[in-house]
Amino acid sequence: MELQRNAQAGTFESSDIMILIEPLKNKQGRKIEISSSVMLQYGDMLSELVNNILDKYEIENVHLIAKDKGALEPTIIARLETAITRALNQQKGTLL
Amino acid sequence: MKTKRRTMLYIPGNNPAMLQQGGIYGADSLLLDLEDAVALNEKDSARILVKNMLNSISYYNTEVCVRVNHLDTPFGIEDLETIVPLQPDAIRFPKTETVKELKKLIDIIESIENKHNLPHNKMTIHAMIETALGVQNVFEIAKFSKRVDAITIGGQDLTADMNIVNAKDGSGIDLARKMIVMAAKANNIDAIDTVFVDVNDEEGLRLETEYAKKIGFTGKAVINPRQIDIIHEVYTPTEAEIRRAFRIIKEFKKNKDAGIGVFAIDGKMVDAPVVARARHTLDLAEIKY
Amino acid sequence: MKNAINREIPNKIKYIGELEPFMGAWEKLKKGWMDEISVPPPNKAKLPHQKKICATLKEAILKTNPQNGMTLTYHHHLRNGDDILVKAISILAELGIKDITLASSSLNESHDALLRYLEDGTITKIWSSGIRGELGKAISKGILKNPVVIHSHGGRVRAIHTGKIKPDLTIIPAAAADEEGNATGAHGKSAFGSIGYARIDARYAKQVIVVTDNLVDYPCIPIGIRQNFVDYVVEVNSIGDPTKIASGTTRITKSPMDLRIAKLAADVIEHSGLFIEGFSFQVGAGGASLAVAKFIREKMKHKNIKGSFMLGGITSYCVEMLNEGLFKTLFDVQSFDAEVSHSLLNNKRHIEIPAALYANPFNCGCMTNKLDVVALGALEIDTDFNVNVITGSEGNIRGASGGHSDTASGAQLTVVVCPSFRGRIPIVTKKVHTVVTPGESVHVLVTERGICVNPQYPDLEKRLNKAGIKTKKIEELEKEVDEIVGTAKPINFTDKIVGLIEYRDGTIIDVIRQVAEF
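Just so it is clear, the structure is predicted and the values come from calculations on it, not from any experiment.

J.: Where do I start with the overall build of chain A in this structure?
T.: Counting secondary structure elements, chain A contains two helices and four strands. Projected onto its principal axes, the C-alpha coordinates of chain A cover approximately 35 × 30 × 20 Å. A total of 96 residues make up chain A; the buried ones form 52% of that total. Contacts in chain A between residues at least 24 apart in sequence constitute 75% of all its contacts with a sequence separation of at least 6. Element-wise, carbon and sulfur atoms account for 48% of the exposed surface of chain A, whose accessible area totals about 4,500 Å². Once the 11 positive and 13 negative side-chain charges of chain A are each reduced to a mean point, those two points are 7 Å apart.

J.: What is the right way to read the pattern of salt bridges from this model?
T.: Working definition: two side chains of opposite charge can pair if their charged atoms are close together. Evaluation of the coordinates by the stated rule reveals 61 salt bridges over all chains. Taking the shortest distance from any N to any O, the salt bridge between Asp190 of chain B and Arg5 of chain B comes out at 2.9 Å. Pair noted here: Asp190 of chain B is in strand E7 (residues 190-193) and Arg5 of chain B is in the segment before strand E1 (7-12), with a separation of 185 residues, a long-range link. The burial state of Asp190 of chain B is the same as that of Arg5 of chain B; both residues are buried. Across the pair Asp201 of chain C and Arg156 of chain C runs a salt bridge, and its minimum N-O distance is 2.7 Å. With a gap of 45 residues between them, Asp201 of chain C in helix H6 (residues 199-204) and Arg156 of chain C in helix H5 (residues 153-161) connect regions that are remote in the sequence. Judged by relative accessible area, Asp201 of chain C falls into the buried class, the value being 0%. By relative accessible area, Arg156 of chain C is classed as buried at 4%. One network of salt bridges, in which partners are shared, links Asp33, Glu35, Asp36, Arg67, Lys95 and Asp157 of chain B.

J.: Would you mind going over the interface of chain A and chain B with me for this structure?
T.: Many analyses report the size of an interface as the accessible area lost when the parts associate. At the interface, 19 residues of chain A touch 21 residues of chain B. Around 1,600 Å² of area is buried between chain A and chain B when both sides are counted, 52% of it from carbon and sulfur atoms. Seen at the junction of chain A and chain B, the total is three salt bridges. With a closest N to O distance of 2.8 Å, Lys51 of chain B and Glu81 of chain A form a salt bridge. Counting the contacts that link chain A with chain B gives 13 residue pairs in polar contact (both at pLDDT 80 or more). In terms of residue class, the side of chain A that touches chain B is built from six nonpolar, eight polar and five charged.

J.: Where do I start with the confidence of the model for chain B in this structure?
T.: A low pLDDT means the predicted coordinates there should not be read in detail. Here chain B averages 93 in pLDDT, and 98% of its residues register 70 or above. Prediction confidence for the complex, expressed as pTM and ipTM, is 0.93 and 0.97 respectively.

J.: I would appreciate a short explanation of the nonpolar core in the present structure.
T.: Generally speaking, a soluble globular protein has its nonpolar side chains buried in company with each other. Residues and elements named next belong to chain C. In terms of nonpolar packing, the biggest core is built from 200 residues, with Leu114, Ile171 and Phe281 touching the most fellow members. A total of nine residues in this core trace back to one element, the largest contributor, which is helix H8 (residues 256-270). In this view, Ile171 contacts Leu57, Ile61, Leu72, Thr73, Tyr74, Ile84, Ala88, Ile209 and Val211; residues no more than four positions away in its chain are not counted. Leu19, Leu371, Ala408 and Ile497 belong to the second-largest nonpolar core, a separate cluster that totals 31 residues.

J.: Help me understand the interface of chain C and chain B, please; the structure alone is not making it clear to me.
T.: At the junction of the two partners, chain C supplies twelve residues and chain B supplies 13 residues. Carbon and sulfur atoms make up 52% of the surface buried where chain C meets chain B, a total of about 1,100 Å² over both sides. A per-residue breakdown of the area chain C buries against chain B is headed by Pro256, Arg260 and Arg449 of chain C, which together make up 44% of the total. Joining chain C to chain B, the criterion identifies zero salt bridges. Linking chain C with chain B are six residue pairs in polar contact (both at pLDDT 80 or more), by the criterion used here. Residue contributions to the side of chain C that touches chain B peak at five residues, all from H8 of chain C. Across the side of chain C that touches chain B, the residue classes tally to four nonpolar, no polar and eight charged.

J.: How should I be thinking about the pairing of strand E4 (residues 90-93) of chain B in this particular structure?
T.: On a regular strand, one side chain projects to one face of the sheet and the next to the other, so that they alternate. Residue and element names in this part refer to chain B. Here E4 shows no split at all, with Ala90 and Arg92 on one side and Ile91 and Phe93 on the other all buried. By the bridge criterion, three bridges tie strand E3 (residues 63-67) to E4 in an arrangement that is parallel. Across the sheet, residue Cys65 finds its bridge partner in E4, namely Ala90. The sheet contact formed by E4 and strand E5 (residues 124-129) spans four bridges and is parallel. From the neighbouring strand, Ile91 faces E5, where its bridge partner is Ile125. Chirality of the crossover, the property in question, places the unit of E4, helix H4 (residues 99-115) and E5 among those that are right-handed.

J.: How should the sheet that holds E4 of chain B be read in this particular structure?
T.: Working definition: the strands of a sheet are paired by backbone hydrogen bonds and lie parallel or antiparallel to each other. Residues and elements named next belong to chain B. If you trace the eight strands once around the closed barrel, you get E1-E2-E3-E4-E5-E6-E7-E8, paired in parallel fashion. Taken over all neighbouring pairs, the strand axes of this sheet differ in orientation by 25 degrees on average, direction set aside. In the sheet, E5 pairs with strand E6 (residues 148-153) via five bridges, with the strands oriented parallel. The partner of Ile125 across the bridge, within E6, is Val148.

J.: In this structure, what is going on with the packing of helix H9 (residues 202-214) of chain B against helix H10 (residues 228-235) of chain B? I would like to understand it.
T.: Axes are the key here: two packed helices are described by the angle between their axes and the distance separating the axes. All names here are of chain B. Where H9 meets H10, the axes come as close as 9 Å, and the angle between the chain directions of the two elements is 40 degrees. As H9 packs across H10, the resulting crossing turns out to be right-handed. On H10, the residues that touch Glu202, Leu205, Arg206, Thr209, Glu210, Ala212 and Lys213 of H9 are Ile230, Ile231, Glu233, Val234 and Tyr235. Residues belonging to the contact of H9 with H10 are distributed by class as follows: six nonpolar, one polar and five charged.

J.: What exactly am I supposed to notice about the domain arrangement of chain B here?
T.: When cut into domains, chain B gives domain 1 (7-235) and domain 2 (239-284). One C-alpha centre belongs to domain 1 of chain B, the other to domain 2 of chain B; they are set 35 Å apart.

J.: Would you take a moment to explain helix H11 (residues 239-257) of chain B for this structure?
T.: What sets the pattern is the α-helix's 3.6 residues per turn: residues three or four places apart point alike. All names here are of chain B. Between the first and last C-alpha of H11 there are 27 Å, a value that for 19 residues agrees with the 27 Å anticipated at 1.5 Å per step. Where H11 is concerned, the buried positions are Ile242, Ala245, Ile248, Ile249, Phe252 and Asn255. Mapping the buried residues of H11 onto a view down its axis gives an arc of 165 degrees, with all of them on the same face. Every exposed residue of H11 that faces more than 90 degrees away from the buried side is listed here: Glu239, Ala240, Arg243, Lys250, Lys254 and Asp257. Where the residues of H11 are buried, they touch strand E9 (263-265), strand E10 (268-270) and helix H12 (272-284). One or two residues past the end of H11 sits Gly259, with phi positive at roughly 85 degrees.

J.: Help me understand the pairing of E5 of chain B in this model?
T.: Taking burial as the measure, the six residues of E5 of chain B include six buried ones, the bulk of the element. Burial of the side chains of E5 of chain B extends over both faces: Thr124, His126 and Met128 of chain B are buried on one face and Ile125, Ala127 and Ile129 of chain B on the other.

J.: Would you mind going over the environment of Lys348 of chain C with me for this structure?
T.: Residue and element names in this part refer to chain C. For Lys348, the location among the structural elements is in the loop between helix H11 (338-346) and strand E16 (350-352). Look at Lys348 and you get exposed, because its relative accessible area is 74%. Separated by 168 residues in the primary sequence, Lys348 and Glu180 place their C-alpha atoms 25 Å from one another.

J.: Even after reading the chapter, I still don't get helix H9 (residues 287-303) of chain C, so can you show me in this structure?
T.: With 17 residues, H9 of chain C should reach 24 Å at 1.5 Å per residue; the first-to-last C-alpha distance of 25 Å fits that figure. Buried residues dominate H9 of chain C, accounting for twelve of its 17 residues.

J.: Whenever I open this one, the state of the cysteines confuses me. Can you help?
T.: Each disulfide consists of one covalent bond between the sulfur atoms belonging to two cysteines. Residues and elements named next belong to chain C. Summed over the entire model, instances satisfying the criterion amount to zero disulfides over all chains. Of all cysteine sulfurs in the structure, the one in Cys54 sits closest to Cys220, which takes part in no disulfide; the separation is 18 Å. Cys220 sits in the buried class, given a relative accessible area of 1%.

Analysis parameters
Residues numbered from 1 in each chain as written. Chains lettered and ligands numbered in written order. Predicted model: local features only at pLDDT ≥ 70, side-chain atom pairs only at ≥ 80, totals over all residues. Heavy atoms only, no water. Helix = DSSP H or I, 4+ residues; strand = E, 2+ residues; numbered from the N terminus. Buried < 20%, exposed > 50% of the residue type's maximum accessible area, 1.4 Å probe, protein only. Contact = heavy atoms within 4.5 Å. Areas by Shrake-Rupley, 256 points an atom, 1.4 Å probe, with all protein chains shown as cover. Lys, Arg positive; Asp, Glu negative; His and termini not counted. Charge placed at Lys NZ, Arg CZ, Asp CG, Glu CD. Salt bridge = Lys/Arg side-chain N within 4 Å of Asp/Glu carboxyl O. Buried area = accessible area lost by both parts, 1.4 Å probe. Polar contact = N/O pair within 3.5 Å; in protein donor to acceptor, adjacent residues only side chain to side chain. Nonpolar A, V, L, I, M, F, W, Y, C, P; charged D, E, K, R; others polar. pLDDT = per-residue confidence, 0-100. Core = buried A, V, L, I, M, F, W, Y, C linked by side-chain atoms within 4.5 Å. Pairing = 2+ DSSP bridges. Right-handed = clockwise from strand over helix to strand, strands pointing away. Axes fitted to C-alpha atoms, helices over the stretch in contact; angles between N-to-C directions. Left-handed = near helix turned anticlockwise from the far one by under 90°. Domains from an automatic or database assignment. Expected span 1.5 Å × (residues − 1). Arc of directions from axis to C-beta. Disulfide = S-S within 2.5 Å.

Here it is as structure tokens:
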């Protein structure tokens, strides 16, 4: 799917993750930057998860920055889902 | 034995740290909040987070309720569409004022349940009374549906709705408290008292809880885990109360077998209401009889 | 070779010699008469009215005739506010002294500046109960050729008695001292309370320098360090930053999670059978461990129980309990805040004790042996109840052994309090990175997600269950945590050993390996 706009979700609090998304033009691919307070232990899992969710939404061209403070998997998935639906302009039931 | 609801702990719906730890504090019930605790531009974020947490975090044996936004807001319907299919133990509906809006809420919930092939009798509804109009209609609201199994009072909003200032002693909402309890008792459902906002005032919390217990509230909403133990202490019968209740039940059984309905212990008459109260005491103390 | 808890231990380390593998928490002490030799303390003499005062620290150090390969010992009562150790080492480095063995009772962030002296070969060996800050990181990455030795507070005294640590020089900062070297930590602008850890250094070092920023008229009382062991006295402007040495009072945590854990732990203690008139008690200085004291205090008042003594690191919270008559005595080896100094100075039931009396295993009974209940923290705990308090989640040295294994070994009830995971890092694991305290000396683990009793103590579990306290198997808790956080990728280590963990009796309980760079 084609991203419509810049979007973000999450916070810099402990146990949360901040996701920033910027649409890229066609064929530019995925540019993913991940930093985490638990990079050594969970960095690989985190990057796999980000790619899986992007696959799920069929997003191929994106610049995504993830700043993780030890978020658990359901939180990471939720923040990705929120940021992506916002970037797709598909967010529901919220003020912009 | 019914689910105990001595404490219902509010957890902000957009706070992962608190959502993941909600189950550990020993509260009887959790209130994952999509309403007042969430900023208007983070409603989607909180809703999606709560959905994911409900799907994967264990809250052990704690009752889990989700407070949704009112149907008059642009968020309420989407909250229900997302949360109802997950069937938490209960949905808490804010600012309930009339039977009409309660009916609308239940119709929406049941149509979502139909869509997902879910039963209509598993998830219950807690109606929150937060306005003068809601207080006036509370009996009808409590009576309207079997799904409503608790009425709760939102003290902050009610105080504001009634234009009461300087209300720390709670006298302004005292009638509302009692009407809500009465409506709940008349329909044999729970009545939950409002939060005590000053988390550092342990003595104030204890006094207010003692009062709530005295006028018939089943429990109290909680905004900080540190408040839980104090409220539980107030609602837990003392050893002397338990001993006496136990004795009453024992004597009652003995007398019942002999065909005697009313008898005396230590010169005090024991009849059906005294026995019922003794049972309630033992229930609260989690003692089998 | 493998030791009793199945950890691989080298047979020999070049500068230390043959290593003795850990055999069990009390196995070695059962003999009652220890084979290790007891090194005699030095014999020295001074002439009547001979002066000890030196104008500068450098002058004093020069008089001690420092040599390459010497051992400098030190105490850590100044905590994060210490200005003297870095100064002393820089003087030795300036004099061209190399290959120093540094044996400080602990090392922390105020010693970060020592890093360059590890790099340039001024310091080549380290003994300590704990290493935090930059030093810990650098050592974990292999900056030193020789592994550091991590000992317990009690083990340090034994290591000095038995000649494993041979102190040539000790420098003892004090908050007050007189011209003969009588010294205390209890008063002065840099007051730090008890000077308990430095007493063994004063007794055994060939040269003893007392440094103070508060030279008082003779005699300086109370006499923590005694003049008959002191060679030189130096007055300086400041021994450190008073706000980092000890300030204010220690407050109980407001973290709901720590309070929850502490409450559960207090319930466990209450129903352990040991919560009776005259019981003795020790807690840590912060977090959930200190918060246990809050709930025990309430329970003692409620049940009208009075305890015998509190031991170890003392906070103002302990002082309040002493003043309320809840305990009869405080035995203070280390004071954690400014309030404690006042009490130590003024209350005769608040008694300074040396580390030997506190926790040395090689004597006729240290005070930890008399402990009923201790509540301790953990960086990690495994399904065998082994506790790590020294290496962090990334494998770096960042903590302290302190009195952990000493008190665990001594107490009738050792309660470990910690969250089950912290910022996605599991605390309850299958295997801890580094064992400091053996599982057999831990009775019960209390976390926010469950209470686990060591299966070696089935009576305790029965007793708790009977009182309505639910327990679960530690393996179940570990599995639950693993499901919440997801299995972490293991940290990579090289074969190089950067640290040895000495158990209190001198045997080796574990080693720390170099963290692999990637």
